[in-house]
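This is what each chain is made of:
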Amino acid sequence: MACGLVASNLNLKPGECLRVRGEVAPDAKSFVLNLGKDTNNLCLHFNPRFDAHGDINTIVCNSKDGGAWGAEQRETTFPFLPGSVSEVCISFDQTDLSIKLPDGYTFKFPNRLNLEAINFLEADGNFKIKCVAFD
């Protein structure tokens, strides 16, 4: 896993959408988008797994509070294809994060950290970031 984009001071507010577009590697195993306050306080660990950690074509989401992981949530809708360009839109409010996938499917993940702003974005794995935008 080595792409390694890290961005801070994003100041993403409730209701705003963070759009991340990138190219999935042809031999992709998995990639990660982390959002939150910093590396130890993540309101969303978004981890599409093509074939990694015993999961196949599954999206694993989690949170990290003070360095401690929470309970995983798995989504079986998996619109990512190796070698393709994909875009994910993430927005949040006081209770949930909404994740819109490339096929238009949207699911929610609880805002366990109750963050009022998302300041940190980290991307890693088999996903080359092409564009990060705020709507």
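To be clear, the structure that these remarks concern was listed above.
If you're wondering where the values come from, they're calculated on a predicted model, not measured in any experiment.

Q: Looking at this structure, how should I read the overall build of the protein?
A: Assigned secondary structure in the protein consists of zero helices and 12 strands. Across the protein, helices and strands are ordered from the amino to the carboxyl terminus as β-β-β-β-β-β-β-β-β-β-β-β. Relative to the 2.2 N^0.38 estimate, which gives 14 Å for 135 residues, the radius of gyration of the protein is 14 Å and therefore close to what a compact globule would have. For the protein, the C-alpha atoms occupy an extent of roughly 35 × 30 × 25 Å along the three principal directions. Sequence separation of at least 24 residues holds for 61% of the intrachain contacts in the protein that already meet a minimum separation of 6.

Q: Honestly, the pairing of strand β5 (residues 55-65) in this entry has me stumped. Any pointers?
A: Note on strand geometry: in a regular strand, side chains alternate between the two faces of the sheet. In terms of burial, β5 is a largely internal element, eight of the 11 residues being buried. With eight bridges joining them, strand β4 (residues 41-52) and β5 adopt antiparallel strand pairing. What sits directly across from A52, in β5, is D55. Hairpin remark: β4 followed by β5, antiparallel, with two residues in the connecting loop; positive phi at H53, about 55°. One ladder, built from three bridges, connects β5 with strand β7 (residues 73-75); its direction is antiparallel. What sits directly across from I59, in β7, is E75. The sheet contact formed by β5 and strand β6 (residues 68-69) spans two bridges and is antiparallel.

Q: Would you mind going over unusual backbone geometry with me for this structure?
A: Trans is the prevailing form of peptide bonds, just as negative phi is the prevailing case for residues other than glycine. Phi is positive for N11, which is not a glycine, with a value near 55°. With respect to the secondary-structure elements, N11 resides in the loop between β1 (5-7) and β2 (17-24). Using a relative accessible area of 40% as the deciding quantity, one classes N11 as partly exposed. Even without a glycine there, the phi angle at N57 is positive, about 45°. One can find N57 in strand β5. Of the residues examined, N57 reaches a relative accessible area of 39% and is grouped as partly exposed.

Q: Can you help me understand the side chain of N62 in this one?
A: Positionally, N62 belongs in strand β5. According to the relative accessible area criterion, N62 is buried, its value standing at 4%. A polar side-chain atom of N62 sits 3.3 Å from a polar atom in the side chain of R112. The residues touching N62, leaving out its near neighbours within four places in the chain, are C43, L44, H45, W69, G70, A71, E72, F109 and R112.

Q: Got a minute to help me understand the sheet that holds β2 in this structure?
A: Strand pairs in the sheet, formed through backbone hydrogen bonds, run parallel or antiparallel to each other. Spatial strand order, β10-β9-β8-β2-β12: five strands in an open sheet with antiparallel pairing. Each of the sheet's edge strands pairs with one partner strand only, and the pair in question is β10 (106-110) and β12 (127-134). Neighbour to neighbour, the strand axes of the sheet diverge by 25° on average, direction disregarded. When β2 meets β12, the two strands line up antiparallel, connected through seven bridges. Along β12, the bridge assignment pairs G22 with I129.

Rules and cut-offs
- Residues numbered from 1 in each chain as written.
- Predicted model: local features only at pLDDT ≥ 70, side-chain atom pairs only at ≥ 80, totals over all residues.
- Heavy atoms only, no water.
- Helix = DSSP H or I, 4+ residues; strand = E, 2+ residues; numbered from the N terminus.
- Rg over C-alpha atoms; globule rule 2.2 N^0.38 Å.
- Contact = heavy atoms within 4.5 Å.
- Buried < 20%, exposed > 50% of the residue type's maximum accessible area, 1.4 Å probe, protein only.
- Pairing = 2+ DSSP bridges.
- Polar contact = N/O pair within 3.5 Å; in protein donor to acceptor, adjacent residues only side chain to side chain.
- Axes fitted to C-alpha atoms, helices over the stretch in contact; angles between N-to-C directions.

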